[in-house]
Amino acid sequence: MKIYNTLTRRKEEFVPLVPGKISMYVCGPTVYGMIHIGNARPMIIFDTFRRYMESRGYEVNFVSNFTDVDDKIIKKANEEGVDAGVISERYIEECRKDMKAMNVREATTHPKATEEIDGMIDMISTLIEKGFAYVAEDGTVYYRTRKFKDYGKLSHKNLDDLRGGNRSLLVTGEDQKDDPLDFVLWKPKKEGEIFWQSPWCEGRPGWHIECSVMSKKYLGEEIDIHAGGEDLIFPHHENEIAQSEAANGKPFAKYWMHNAFLNIDNRKMSKSDGNFFTVREISEKYDLQVFRFFMLSAHYRSPFNFSEELIQSAANGYERIVNTVSNLNFLIKNAKEDAASDAEKALLEEASSFKERFRDAMDDDLNTADAISVIFELVKFVNTNTGDASSKEFLSGLKDRILELTDILGLIVDKKEEILDDEIEALIEARKNARKNKDFALADRIRQDLLDQGIVLEDTREGVKWHRS
Ligand code: AMP
Ligand code: ZN
């Protein structure tokens, strides 16, 4: 597997620190509102990366944080007259719902910044002891950027060209810094703000320190992969490297992966000029499986554009796969022959070769666009080689081969047909007869089959009642 590493600006062969295992950290969202479709890009991409590596036999420890203390969260809390925790908990909950609907799996751990303050205080203390940080008069702690000799190695920036354009610097005065490049590790509280005790002042952490600390706690000092959107390369990830490597005295992450940005109608997403969609808004118009398919139809390092036209064409592409699988389901149900013929066995063999090509695409820096093309070719192969005369074994084998690939992409394409009320009533009647004939095994099987399809039976005095679960 080759991965493009932002650190070296090259595609490199992926070699994990520990054979068979991957430690991976993905910077998560700041939770002050519903996530937007741009936030969904790293979620879907790195979830797909994880699924693919698991399919190759790796055990992946996947950590992704929620930034639950931040100026925007505090501002929103003040507007609503509630605690910051009410806002962050609300939007973590909503974010989890969106992730589930996009079939983005839960991380191994989803740490929250506010629950890791002790670790942050420890790391800041270490940085002060080692001379990489200093305390200003008002209790703000700054990182002494020039002391870290490798500063700029990720963003490939020269220290002297840098300006201190840093999100946390907006909060505190520039004047008390030794150098404009220094950035905040800890800052004093302001009136009405959430705060924690620390050796320096009552206050809260800067943004960058949280990821250095959570990555260390849940994955160790050295990790395989650190990932996020490309806007995070500078200053966030550059600062994380400076903090972690200075504090731990070890290299931090071996590979740095960054997704390019998603635009809308070829313009930068912006809430203020209305060029903006939340994932929830999109879910009201489209199946989020279509949205996931759309997101994977471009390479993650290419800037990508969202438009009605493009998502409509993604919907058509996705439907082609879904229809093929649903057609296979129909043929399987009605197949006359069970076992595959020799000719069918040869075709199954041929169908397996698509997986090799799918892997080649994914091994080339997660080229999901090419991987999807391979799925389309497989779908075409299936459609041209199946019909009423096909055997069950052959049809099921083909279906398995499609689902094996779509599962890796996290795409749900096997839509279970909804069982109709009439069919349910007929099965309940059949179960009643089975019980009358003391065939309890059959009666139980009918109950279980219905349950598998989400139908719950209840035996009451007035007879059997049912509902959909
Ligand atoms: P934030 O909540 O702003 O910290 O963003 C959470 C994640 O979403 C980060 O990895 C960002 O880089 C990523 N992100 C934000 N906007 C976009 C966008 N328009 N396209 C792609 N990724 C984005
Ligand atoms: Zn981060």
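In this text the structure is predicted, and so the values were computed from the model without any measurement. (Residues numbered from 1 in each chain as written. Chains lettered and ligands numbered in written order. Predicted model: local features only at pLDDT ≥ 70, side-chain atom pairs only at ≥ 80, totals over all residues. Heavy atoms only, no water.)

Colleague: Describe the nonpolar core, with residues and values.
Modeller: Nonpolar side chains in soluble globular proteins tend to end up buried together. In terms of nonpolar packing, the biggest core is built from 92 residues, with Met102 and Phe291 touching the most fellow members. Take this core: its biggest share by element is 10 residues, from helix α9 (residues 308-334). In terms of nonpolar packing, the next biggest core, distinct from the first, is built from 43 residues, Tyr25, Met120, Ala133 and Phe252 among them. (Core = buried A, V, L, I, M, F, W, Y, C linked by side-chain atoms within 4.5 Å. Buried < 20%, exposed > 50% of the residue type's maximum accessible area, 1.4 Å probe, protein only. Helix = DSSP H or I, 4+ residues; strand = E, 2+ residues; numbered from the N terminus.)

Colleague: Explain the environment of Thr324 residue by residue, including any values.
Modeller: Topologically, Thr324 is positioned in helix α9. Judged by relative accessible area, Thr324 falls into the buried class, the value being 4%. In this structure, the C-alpha to C-alpha distance between Thr324 and Asp444, residues 120 residues apart in sequence, is 33 Å. With near-sequence residues (within four places) excluded, Thr324 lies in contact with Val379, Val382, Asn383 and Ile402. A polar contact is formed between the side chain of Thr324 and the backbone oxygen of Arg320, at a distance of 2.9 Å. Separated by 3.3 Å, the side chains of Thr324 and Asn383 make a polar contact. (Contact = heavy atoms within 4.5 Å. Polar contact = N/O pair within 3.5 Å; in protein donor to acceptor, adjacent residues only side chain to side chain.)

Colleague: Please give an account of the domain arrangement of the chain that cites residues and values.
Modeller: Examined at the domain level, the chain breaks down into domain 1 (2-259), domain 2 (308-408) and domain 3 (421-468). A separation of 53 Å is found between the C-alpha centroids of domain 1 and domain 3. (Domains from an automatic or database assignment.)

Colleague: How would you summarise the coordination of the zinc ion (ligand 2) if you had to cite specific residues and measurements?
Modeller: Coordination of the zinc ion (ligand 2) by the protein is provided by Cys27 (SG), Cys211 (SG) and His236 (NE2), with metal-donor distances spanning 2.1 to 2.2 Å. The sequence pattern formed by the donor residues of the zinc ion (ligand 2) is C-x183-C-x24-H. Taken together, the residues Cys27 in the loop between β3 (21-26) and α1 (37-55) and Cys211 in helix α5 (residues 207-219) connect sequence positions 184 residues apart. Given a relative accessible area of 1%, Cys211 falls into the buried group. (Donors = N, O, S within 2.8 Å, 3.2 Å for Na, K, Ca; no water.)

Colleague: Can you break down the sheet that holds strand β10 (residues 253-259) residue by residue, with the values?
Modeller: With respect to topology, four strands assemble into an open sheet ordered β4-β3-β9-β10, the strand pairing being parallel. Where the open sheet ends on each side, the last strands, each with one partner, are β4 (59-64) and β10. For this sheet, the mean inter-axis angle between neighbouring strands, taken without regard to orientation, is 20 degrees. For strand β9 (residues 223-229) and β10, the ladder comprises six bridges, and the chain directions are parallel. Following the sheet pairing, Ala227 is matched in β10 by Met257. (Pairing = 2+ DSSP bridges. Axes fitted to C-alpha atoms, helices over the stretch in contact; angles between N-to-C directions.)

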